[in-house]
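Coordinate analysis (summary)
One-letter residues, chain by chain:
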Number of protein chains: 2
Amino acid sequence: MAAAVKDGGEEAEQIVNPWEVASTQGKIDYDKLIDKFGCQRLDKTLIDRVERLTGRPPHVFLRRSVFFAHRDLNDILDAYEKGDKFYLYTGRGPSSEALHLGHLIPFMFTKYLQDAFKVPLVIQLTDDEKCMWKNLTVEESQRLARENAKDIIACGFDISKTFIFSDFDYVGGAFYKNMVKVAKCVTYNKVVGIFGFTGEDHIGKISFPPVQAVPSFPSSFPHLFPGNDSLRCLIPCAIDQDPYFRMTRDVAPRLGYQKPALIESTFFPALQGETGKMSASDPNSAIYVTDSGKDIKNKINKYAFSGGQDSIENHRKYGANLEVDIPFKYLGFFLEDDDELEDIRTEYGAGRMLTGEVKKRLTEVLTGIVERHRKARAAVTDEMVDAFMAVRPLPNMFN
Amino acid sequence: MAAAVKDGGEEAEQIVNPWEVASTQGKIDYDKLIDKFGCQRLDKTLIDRVERLTGRPPHVFLRRSVFFAHRDLNDILDAYEKGDKFYLYTGRGPSSEALHLGHLIPFMFTKYLQDAFKVPLVIQLTDDEKCMWKNLTVEESQRLARENAKDIIACGFDISKTFIFSDFDYVGGAFYKNMVKVAKCVTYNKVVGIFGFTGEDHIGKISFPPVQAVPSFPSSFPHLFPGNDSLRCLIPCAIDQDPYFRMTRDVAPRLGYQKPALIESTFFPALQGETGKMSASDPNSAIYVTDSGKDIKNKINKYAFSGGQDSIENHRKYGANLEVDIPFKYLGFFLEDDDELEDIRTEYGAGRMLTGEVKKRLTEVLTGIVERHRKARAAVTDEMVDAFMAVRPLPNMFN
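First, a word on scope: everything that follows refers to the structure included in this document. Please read these numbers as outputs of a predicted model, since none were measured by experiment. (Residues numbered from 1 in each chain as written. Chains lettered and ligands numbered in written order. Predicted model: local features only at pLDDT ≥ 70, side-chain atom pairs only at ≥ 80, totals over all residues. Heavy atoms only, no water.)

1. Comments concerning the side chain of A:Ser216
Residue and element names in this part refer to chain A. Of note, Ser 216 is situated in the loop between α12 (209-213) and β9 (232-238). Within the local environment of Ser 216, its side chain forms a polar contact with the backbone oxygen of Ala 213, the two atoms lying 2.8 Å apart. Non-local contacts of Ser 216, meaning those with residues more than four positions away in its chain, are made with Tyr 87, Tyr 89, Cys 233, Ile 235, Phe 245, Thr 248 and Pro 260. (Helix = DSSP H or I, 4+ residues; strand = E, 2+ residues; numbered from the N terminus. Polar contact = N/O pair within 3.5 Å; in protein donor to acceptor, adjacent residues only side chain to side chain. Contact = heavy atoms within 4.5 Å.)

In structure tokens form, the structure reads like this:
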């Protein structure tokens, strides 16, 4: 397999690509992934620099290393410091109606980046990809794209700086020309090496990587960046998308384009434990933004894998194993108060706090987030979706 | 190779696909090609039926078996007889500025079909294909597409029934959705079998077959055929394009679409002899529509392969070998008068007519055709190109 990360003599193997995240070790070794993919660790110096340049405290996902790796973020910040702006590009494959918390992570973080750097953002909804991979009809993929757009808009993006598009609506013109330019530079053997396609895969799959590549180039959006071909692009995404952008960065110089920079996150673990991404096919593996407070409480109590000990006595004696404890990990993503999180780490790790108490706190935190999201989403009208998706210039996008 | 036609024990082999026409035998065996491709011979009964249905004498390219094979032409005529119309689809890969006579053949024939059946026509200019295969820039491919459109328009198409489009301009929307639907139905192994791609081919090539497939489906042109998904399509083309449409016909029923019908031509031979198609890289292998009368005379006298004997004595004794004689073959394509052609066949074949006389007659015929084409092309303005290529309804296309 393409993005497989093999250990020399050992049996341990990791597979991380846009369609599969798996490890024979149970959990992903992100240090090895950085080495094998050839990206860089996002260290404290860089986070401090983001804080200094934006005049804002770094997002909790930066402080807690949810976004932990990058490519060329330094260059983006160098240019920004000299007054050169950039644009953000992220996306979603609309394969399901309801999003779970893991799906929200890149959008919550992208919203922070947009606000902090005051830059434009393009969001690609790959309805063509999902139509091909999940065998959905064109119409169903497009419906899901619009439904997902509502959840994305509910994250609070600034309409004066944000263009959301679906591939089925937008592919054509300058975008299609860039697709052809990219496709010319990538052999079949190359995509087999990157993505692990086989001869039995349909040619729609083989045709798709350029579609996800070209939003990295400003010339794909002539209504946004006319004549501004040197504008840099920064892509916030989960690290399973890295193969697309390795390919894109490889091709860019041959087209006279800038390589996109990346800022990449770990995977949000399933309730049952940290073995990769959550599964859309198992509704009990994740908290959905459509879950009620009661659903959230039940799922956490029933399914969230605990690192606590099997008896109160042992728990008091040995403390919780925070390395595998899902309630504590989830709090690491979503509990904003650093002091409280450190307190829980100490008390729960020492066995003075019980799993039930941690689960209760997590239920409160997630219920609040989901409740706020639900209200924001309910306020998103079809007209707002049309407005975000309108092909239009954004005259104030750099202000 | 994909479309290779192999003889069991023998060494003889034919390769016929959109990029290569070759035979170890020297000339293509069209009977074998029909068998191997699985299309049908266009026989006298069918030609008579076309004459009866259209109330016109059949085109010289039909009478002389230039268009010699078909798929489902019977069905198209059955439906037409009951009052059901169809539409025509043909195209050109704009790889060179000047067209030669071989390039004009499908357009001359398509113009006859449009006039005879009074049906709409879509003409695809595959500038994306040529950008990928010939390594042209996007801009150069688009320029060539417009230049070639002028030659095509000069063939006399009815603007009220004709939509010409370039892929770089038109791909998107319903057309792109159909591309995705087709791509989902075709595996990489399948296109390797049909087109002979290898792992070192770039993915642009592998992505292209759906682009040429989807103009076969009326839903790719919502401005022309809104809601008219059952309209049949008839494709006049050279038989080297058959692989694209075998694939298309294979996929169509799975999408709930009608299979396109085809009417297919032999290749127009090079001046040097009948070993396949003419070569754009050798200007002396073909008569171009930009050639002067003097050029035409020189090329015919100097390069046209003669089946005449090596001395006048032998010629008078044995006669010309019409099987290999290029001047006579060219007259078979372009001399409209059946009686005169038969007369030349008899006299030249018996050695009473000399090669010089036949070449002189061919020079007159081709000079006339090229001169008429040049005048017609000079009258084609940029505004006319824009008008033919405008995305617009054609309210009188079936009248």
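Next comes the rest of the description.
2. Comments concerning the state of the cysteines
Formally, a disulfide is one covalent bond, and it connects the sulfur atom of one cysteine to the sulfur atom of another. Applying the stated criterion across every chain yields a total of 0 disulfides over all chains. The cysteine A:Cys131 is free of any disulfide, with B:Cys185 supplying the nearest cysteine sulfur at 9.8 Å. Cysteine B:Cys39 is unpaired, with the sulfur of B:Cys237 as its nearest cysteine sulfur at 9.6 Å. (Disulfide = S-S within 2.5 Å.)

3. As for the relation of the copies chain B and chain A
Turning chain B through 180° and shifting it by 0.0 Å along the axis lays it on chain A, with an RMSD of 0.0 Å. In symmetry terms, the pair is related by a two-fold rotation axis. By C-alpha distance to the rotation axis, the residue of chain B lying nearest is B:Gly172, at 2.2 Å. Taken together, the interface assignments show that 100% of the residues at the interface of chain B recur at the interface of chain A, consistent with an identical surface on both copies. (Least-squares fit on C-alpha atoms with pLDDT ≥ 70 in both.)

4. Quick word on the sheet that holds strand β10 (residues 261-265) of chain B
Residue and element names in this part refer to chain B. Taking strand neighbours across the sheet as the criterion, the 7 strands line up as β4-β5-β10-β9-β6-β7-β8 in an open arrangement whose pairing is mixed. Either end of the sheet is taken by a strand with one partner, and the two such strands are β4 (40-41) and β8 (162-166). Looking at chain direction, strand β7 (residues 121-125) and β8 are connected through 5 bridges and run parallel. Within β8, the position partnered with Leu 121 by the bridge is Thr 162. Packing of helix α19 (residues 382-389) onto the sheet brings it into contact with β7 and β8, and relative to β8 it is tilted by some 95°. (Pairing = 2+ DSSP bridges. Axes fitted to C-alpha atoms, helices over the stretch in contact; angles between N-to-C directions.)

5. Comments concerning the environment of B:Phe267
Residue and element names in this part refer to chain B. Here Phe 267 is to be found in the loop between β10 and α14 (293-303). Using a relative accessible area of 4% as the deciding quantity, one classes Phe 267 as buried. Note: C-alpha distance between Phe 267 and Phe 175 (92 residues apart in sequence) is 30 Å. (Buried < 20%, exposed > 50% of the residue type's maximum accessible area, 1.4 Å probe, protein only.)

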